[in-house]
Amino acid sequence: MSDPSQPPEQHLSSETADTEMYQHLVEGTTSHAIFMINPDGDISTWSPAADELYGYAADAVDQQPLAILFSDKTSGDRSLATLLTDAKEAAIETRGWHQRADDSVFWAHMTISPLWNDVLHGYAVVSKDMTEKHEYEQMLERQNDRLKEFADILAHDLRNPLQLVDGRTQLARETGDDEHFDVIEQTTDRMERLIDDLLKVAHQGEVVTDPDPTDIAAVIDTAWEGAIGTDTDATLQYESVKTVAADTDRLCELFENLFRNAVEHGGEDVTVTVGPLPDGMYVADDGPGIPPDRRDDVFEHGVSTADDGSGYGLSIVRTIALAHGWDVEMAESKSGGARIEVTGIQFLD
């Protein structure tokens, strides 16, 4: 028997309870953006966490297609229509670049789950910024690629001199001719230089995790003196480049290799120019340049367009650039020479 002095018990409808539970869930979650879309893929609810992640207020995305959150209007290789079709029967996961209201992008992990109650009412969407994890996975992938590359280099570049040493040793035993020992000595010296080059590439390829503000002009002066010296007719022209965050020693090594490459291919009287790009810098020369069909190959280990080149100078340049998260490519200078462009750099001023 109820007590008339107590207020009547409040019974919430199932729909009201579900609504309050949903609001508590999405508003109380800060690590994930949780919201809903209707069966057509238009955004129907928006949470504070979604606002914080994407930078859109609720009224700005209301009834807008989910695709406005994708940086390229797709998520991975699937269009929005394909995503919704795939998600009708069971939750799906998708990863791709998403875009905020301020046009900045981030790598998102998104789950789309169907909401059925006799009919499809829409989808629940959960999105999380996974940029840091994505970049770490890419770093591991680059490291694995380098390990495979080193294994290929060792198998290819060391096998031939080892076979030569083995053959000459056998001939020396059979003939007693000292000439064979001279060839063996030259070959082992070459192998020693190769091992030094490989160790240098391995060291330079370690990902830069703690860069310092670096004055490009000072690095260029040091690199030019170290690579070219003063006893040369080569000329350096420098256009100001802004301060960058970099490993100063490795950046100096990058420029040294570019300068040596310019003299190696352009001659002792080559003119080298260093200048800025909107998102990086370039090093150009007035030498003979690199044929278009060879430009994609020159950054590979052991590849050189010069008869006496080691094939590791530009390889080290690429390795150092990638360790900083930069890109590097070969182009043609205004004079028809070589132009190496390093891009993807974020300047500090």
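Structural data are supplied above this passage.
Residues numbered from 1 in each chain as written. Predicted model: local features only at pLDDT ≥ 70, side-chain atom pairs only at ≥ 80, totals over all residues. Heavy atoms only, no water.

Participant: Would you take a moment to explain the overall build of the chain for this structure?
Facilitator: The helix and strand inventory of the chain stands at 10 helices and 12 strands. Long-range pairs, those at least 24 residues apart, make up 56% of the contacts in the chain between residues at least 6 apart in sequence. For the chain, the computed accessible surface area is about 20000 Å², with 48% contributed by carbon and sulfur atoms. (Helix = DSSP H or I, 4+ residues; strand = E, 2+ residues; numbered from the N terminus. Contact = heavy atoms within 4.5 Å. Areas by Shrake-Rupley, 256 points an atom, 1.4 Å probe, with all protein chains shown as cover.)

Participant: Explain the packing of aromatic side chains to me, please; I cannot follow it from the model alone.
Facilitator: Think of a pair of aromatic rings as described by two things: how far the centres are apart, and how the planes are tilted against each other in angle. Using the criterion set out here, one finds 6 aromatic pairs in the structure. When the ring of W97 is compared with that of W107, the centres are 5.2 Å apart and the planes differ by 80 degrees; the resulting orientation is edge-to-face. Residue W97 is located in strand β3 (residues 92-99), and its partner W107 is located in strand β4 (residues 105-117); the two are separated by 10 residues in the primary sequence. The class of W107 is buried, set by a relative accessible area of 17%. Among the aromatic residues, ring-to-ring pairing joins F35, W46, Y54 and F106 into one connected group. In this arrangement the basic side chain of R339 is found over the ring face of Y282, its NZ or CZ atom lying 4.1 Å from the centre. (Phe/Tyr/Trp six-rings, centres within 6.5 Å; stacked < 30°, edge-to-face > 60°. Buried < 20%, exposed > 50% of the residue type's maximum accessible area, 1.4 Å probe, protein only. Lys NZ or Arg CZ within 6 Å of the ring centre and 35° of its normal.)

Participant: Sorry if this is basic, but what is going on with a negative patch on the surface here?
Facilitator: Taken together, the side chains of D177, D178, E179, D182, E185, D189, E192 and D196 present a region of like negative charge at the surface. With respect to the element layout, E185 can be found in helix α7 (residues 179-204). (Patch = residues over 30% accessible without salt bridge, like charges linked within 9 Å, V, L, I, M, F, W, Y side chains within 5 Å. Salt bridge = Lys/Arg side-chain N within 4 Å of Asp/Glu carboxyl O. Lys, Arg positive; Asp, Glu negative; His and termini not counted. Charge placed at Lys NZ, Arg CZ, Asp CG, Glu CD.)

Participant: Explain the packing of helix α8 (residues 216-227) against helix α9 (residues 248-266) to me, please; I cannot follow it from the model alone.
Facilitator: Think of two packed helices as two axes; the pair is described by the angle between the axes and how far apart they sit. Axis separation between α8 and α9 bottoms out at 8 Å; the angle between their running directions is 50 degrees. By the angle between their directions, the pair α8 and α9 is classed as oblique. The element α8 and its partner α9 pack so that their crossing is right-handed. Facing I216, V219, I220, T222, A223, W224, G226 and A227 of α8, the residues of α9 in contact are T248, L251, C252, F255, E256, F259 and R260. Per-class residue counts for the contact of α8 with α9 are 10 nonpolar, 3 polar and 2 charged. (Axes fitted to C-alpha atoms, helices over the stretch in contact; angles between N-to-C directions. Parallel < 35°, antiparallel > 145°, perpendicular 65-115°, else oblique. Left-handed = near helix turned anticlockwise from the far one by under 90°. Nonpolar A, V, L, I, M, F, W, Y, C, P; charged D, E, K, R; others polar.)

Participant: Honestly, the environment of P211 in this entry has me stumped. Any pointers?
Facilitator: If you trace the backbone, P211 turns up in the loop between α7 and β6 (212-214). It is 8.5 Å that separates the C-alpha atoms of P211 and H324, two residues lying 113 residues apart in sequence. Leaving out residues up to four positions away in the same chain, P211 has contacts with A245, A246 and D247.

Participant: What exactly am I supposed to notice about the sheet that holds strand β2 (residues 43-45) here?
Facilitator: Pairing between sheet strands relies on hydrogen bonds along the backbone, with the strands arranged either parallel or antiparallel. Spatially, the 5 strands line up as an open sheet ordered β2-β1-β5-β4-β3, and their pairing is antiparallel. Two strands in the sheet have a free side with no partner beyond their single neighbour: β2 and β3. Within the sheet, the average angular offset between the axes of one strand and its neighbour, ignoring direction, is 40 degrees. Taken strand by strand, helix α4 (residues 80-87) contacts β1 (33-37), β3, β4 and β5 (119-129), and its axis lies near 155 degrees from that of β3. (Pairing = 2+ DSSP bridges.)

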